[in-house]
Amino acid sequence: MTKMTKIEGAPALPLNTIMPGDCIEMMNALPENSVDLIFADPPYNLQLRGDLHRPDNSQVDAVDDAWDQFDSFAVYDKFTREWLAAARRLLKPNGAIWVIGSYHNIFRVGAALQDAGYWILNDVVWRKSNPMPNFRGKRLTNAHETMIWASKSEGAKYTFNYEALKSLNDGVQMRSDWVLPICTGHERLKDEAGDKAHPTQKPQSLLHRVLVGSTNPGDVVLDPFFGTGTTGAVAKMLGRDYIGIERDEGYRKVAEKRLKGIRKFDREALQVSTSKRAEPRVPFGQLVERGMLRPGEELYSLNQRHKAKVRADGTLIGDDIKGSIHQVGAHLEGAPSCNGWTYWHFKKDGKRVPIDLLRQQIRAEMAERPN
């Protein structure tokens, strides 16, 4: 079901729909500062000259559609500037954009991004694990595409789920070179004639990584070159709202059919890893206020060499020191600092339990509260 979001004094935002028409006109008709993320896969302007054949003389199904053809670089640059300006108007102040391209266009797009006021955060190399070979043998095999990730302006805040991407990468910091396969097999959509529905369909794995890393559930993701709807499909699965713009009726039909079969992941599955800094702050005194720890109760150090008593105001008192859980721990250990949450333990059923367990209980309750 289409969800409409109304911004005062502006037309409604047509969430979870595909808008038919020219992307620049459609974006200019939407309310400004209304979109959290834009993923754009614009025409690459491949400048193909004649048919491309394999060594056995069979013809390669290359990208020779009219939408990828421009009369000159000047015409392509003008188109790029116009759609980037329309996209920037739509982004919220803390919004961001991803643009993907090949060597044919990505350098021109990157310059236009900077000229338009965007601030480049990273370029990401999508290294294809199964690229198409260079059949003529006159150049290197083109085994990668480049994505540019940019915020709306210099100094703007933007979403970056660092810990989530680290978890996706087996606990190792995510790098800017992503090895992922191109779209093949069961994932490759076909038209009624059994041919490829779109020549440059992007794999879901690529969009999954982009959306998990740079959006949150409930965010609005816009794709101005929607094609067969990979962005919308992944957004729907991940609990994001999408807006697609696509002028080709055939692509729209394929995308609409595809999206009808997509189911959203359940709420628990949509949660991703966050950093400790991103978790809500819980004062130690709240444990005392709620009776989880009582005034006068003794806490014990991790190494069992020290102990201190809880006071009614949420501070601790030791033999010759009083202060916060961090200050008292640091003093007793003769250290410059101390994480009191992991240092101090309380007794429960004869066992020592870290006080951080009580903090996590409160955080879990906070997460369950409706917004």
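This is a predicted model, so every value here is computed, not measured. (Residues numbered from 1 in each chain as written. Predicted model: local features only at pLDDT ≥ 70, side-chain atom pairs only at ≥ 80, totals over all residues. Heavy atoms only, no water.)

**Student:** Quick question: what am I supposed to make of unusual backbone geometry here?
**Tutor:** Glycine aside, residues mostly have negative phi, and peptide bonds are mostly found in the trans state. The residue aspartate 170 is not glycine, and still its phi comes out positive at about 60 degrees. Structurally, aspartate 170 is set in the loop between helix H4 (162–168) and strand E8 (177–180). Assessed through its relative accessible area of 76%, aspartate 170 is described here as exposed. Positive phi outside glycine occurs at glutamine 304, with the angle close to 65 degrees. (Helix = DSSP H or I, 4+ residues; strand = E, 2+ residues; numbered from the N terminus. Buried < 20%, exposed > 50% of the residue type's maximum accessible area, 1.4 Å probe, protein only.)

**Student:** When you look at the sheet that holds strand E5 (residues 91–101) in this model, what are you seeing that I'm missing?
**Tutor:** Remark on secondary structure: sheet strands pair via backbone hydrogen bonds, oriented parallel or antiparallel. As summarised here, the arrangement of the 8 strands in space is E3-E10-E9-E4-E5-E7-E6-E8, forming an open sheet in which the pairing is mixed. A strand with exactly one partner marks an edge of an open sheet, and here the two such strands are strand E3 (17–20) and E8. Going from strand to strand, the sheet's axes swing by 20 degrees on average, the running direction of each strand aside. Strands strand E4 (35–40), E5 and strand E9 (220–223) of the sheet are contacted by helix H2 (residues 73–90), whose axis makes an angle of about 145 degrees with E5. Relative to the sheet, helix H6 (residues 230–237) contacts E4, E9 and strand E10 (241–246), its axis offset from that of E10 by approximately 170 degrees. (Pairing = 2+ DSSP bridges. Axes fitted to C-alpha atoms, helices over the stretch in contact; angles between N-to-C directions. Contact = heavy atoms within 4.5 Å.)

**Student:** Got a minute to help me understand helix H10 (residues 325–333) in this structure?
**Tutor:** In an α-helix, one turn spans 3.6 residues, which is why side chains three or four residues apart end up on the same side. Within H10, the full set of buried residues consists of Ile325, Val328, Gly329, Ala330 and Leu332. If you follow the buried residues of H10, they end up packed against helix H9 (284–289), strand E12 (307–310), strand E13 (316–317), strand E14 (322–323), helix H11 (340–343) and strand E15 (344–348). Two residues or fewer after H10 comes glycine 334, characterised by a positive phi angle close to 65 degrees.

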